[in-house]
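# Structural overview for review
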Amino acid sequence: MANKQKYYPFTVLFLMNFAITFGFGISDTFFSYNFSGILGKGLFLSLAFTFYSVSKIFLMPIVGRLIDKLGSKIVLFGALSCYLAVSIIFIFSHSGILIIFARILQGAASALFRPVMYYMLGFFSKEGKIGKTAGYFDISFYFALASSPFVGGLILEKFGFEGLSVILLCVCIFVFILLLVMPMKITEEEEKTAENTENLGDSETLIFYALLLFIFFKAVCISVLNIYFPIYMKGLGFSVGKIGIAMGAVSAFMTFSLFFTGALADNSARRYLIAFGGFFSSIIFLFVPFETEFSRLLILTALTGAFSAVSQPAVSSILLEYSRSKNSAQTIAAFYTIMGIGFACGPLFAGLLYKYGGIETVLISTGFVGGIASLIFLTLAESAGKCSLSGQKKTLGSM
């Protein structure tokens, strides 16, 4: 019974994260295909994507304060309510205005959902096993991300748009049921942690700011590669199917690797794991413009996923420990806000490079940016470690 209670909260969060990522991964993949008839292929379709991003970016900075003030379960209820409303609008609405409104709600839900899930995960993670817990939890996200386009394509082919909409509604109802059976222990944990908040030193704060810098440039690189790597492969004459396989290999290999790399974040120096994974997952793309064979490009994308899995649990561990030590969700909200800004800035940065230097310049520059950002993070984290050692205190990145 004790063992069941130990894993039950994590299982609920895992299933929630997988279901929402899977359901809306399917929806987002085929959004243009499904709603171009209602929205057209011009301004309205563009506005649907723009308002989604804008609502997410504007709400993200205040998410932390909402969680701290209202509590995590209330904010999670708000996020899931928005998701449910979106799924209902997608089924019954034939109005372009309502579809755009649904995208605004989806952006708001997305801004609330990921930070509150990580905040709750921090309370359910055992001391000394945060890396392993974070690694296993991230499997729910990346496995859903990798599988949703494939499954969504099969559903769309067999059952059409109505089939996708019904699946999305069922996912939202399922997650609401999970919310109802979620243990109330989280409220007790929040109160308990509030009484034991630690005063963090300058070294921990420096590591957290270094992490924000790292994740900003990591997000820039991911957004650029998601846009321009398929364009590069299309220019080489590869089919849509092969492009999809190469892109899916990143999430697939990352998912598989997370089974093993989570424990590394609990037993190794996290700063080295972040720098190692970030550096090599970026530097790989310096070689992409010199490869034209599908098998070699597939190996490069697979390695990108594997190296990214080395850094991901270490990043999550530092974020969760820092947030739990401060007893505030604002640190997690700040992390995801910076990440969102990075995703928004990446295409602008790449667009200028593409215009004046071509796609090879985009890929090579992106590799350099990610690699240099990883080295800067390591330099700052090392400085924080030296400050901490002089005070005989372990830092977030020193484990």
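Read on for an overview of the structure. None of the values given here were measured: they were computed from a predicted structure.

### Some remarks on the packing of aromatic side chains
Here the structure, examined in full by the defined rule, presents 24 aromatic pairs. Considering the side-chain rings of phenylalanine 208 and tyrosine 322, the 4.3 Å spacing of their centres and the 5° angle between planes classify their relative orientation as stacked. With phenylalanine 208 in helix H8 (residues 202-235) and tyrosine 322 in helix H12 (residues 294-326), the pair connects residues that are 114 residues apart, well separated along the chain. The class for phenylalanine 208 is buried, based on a relative accessible area of 5%. Given a relative accessible area of 3%, tyrosine 322 falls into the buried group. Between phenylalanine 256 and phenylalanine 260, the ring centres sit 5.4 Å apart and the planes meet at 65°, which makes this aromatic pair edge-to-face. Of the two residues, phenylalanine 256 and phenylalanine 260 are both situated in helix H9 (residues 240-261); the distance of four residues between them amounts to about one turn of the helix. There is no split in this pair, since phenylalanine 256 and phenylalanine 260 are both exposed.

### Side note on H12
The α-helix advances 3.6 residues per turn, and as a result positions three or four apart in sequence lie on the same side. Counted at 1.5 Å a residue, the expected span for H12 with its 33 residues is 48 Å, and the 48 Å between its end C-alpha atoms agrees. Taking the largest bend as the criterion, H12 deviates by roughly 25°, centred on alanine 309, and proline proline 313 comes between one and four positions later. Of all 33 residues in H12, 25 are buried; the element is thus mostly enclosed.

### A short note on the pattern of salt bridges
Taken as a whole and assessed by the stated rule, the structure comprises six salt bridges. A salt bridge links arginine 103 to aspartate 28; the nearest nitrogen and oxygen atoms lie 3.2 Å apart. Of this pair, arginine 103 sits in helix H5 (residues 96-124) while aspartate 28 sits in helix H1 (residues 2-29); the two residues are 75 residues apart in sequence, bridging distant segments of the chain. A relative accessible area of 32% means that aspartate 28 is categorised as partly exposed. Glutamate 382 is the partner of arginine 271 in a salt bridge, and the nearest nitrogen-oxygen pair spans 2.5 Å. Placement of arginine 271 in helix H11 (residues 270-283) and of glutamate 382 in helix H14 (residues 359-390) is noted, with a sequence separation of 111 residues between them. Given a relative accessible area of 14%, arginine 271 falls into the buried group. Through salt bridges that share partners, Glu291, Glu293 and Arg296 make up one connected network.

Each value, and the rule that gives it
- Residues numbered from 1 in each chain as written.
- Predicted model: local features only at pLDDT ≥ 70, side-chain atom pairs only at ≥ 80, totals over all residues.
- Heavy atoms only, no water.
- Phe/Tyr/Trp six-rings, centres within 6.5 Å; stacked < 30°, edge-to-face > 60°.
- Helix = DSSP H or I, 4+ residues; strand = E, 2+ residues; numbered from the N terminus.
- Buried < 20%, exposed > 50% of the residue type's maximum accessible area, 1.4 Å probe, protein only.
- Expected span 1.5 Å × (residues − 1).
- Bend = angle between axes of the 7 residues up to and from the residue.
- Salt bridge = Lys/Arg side-chain N within 4 Å of Asp/Glu carboxyl O.

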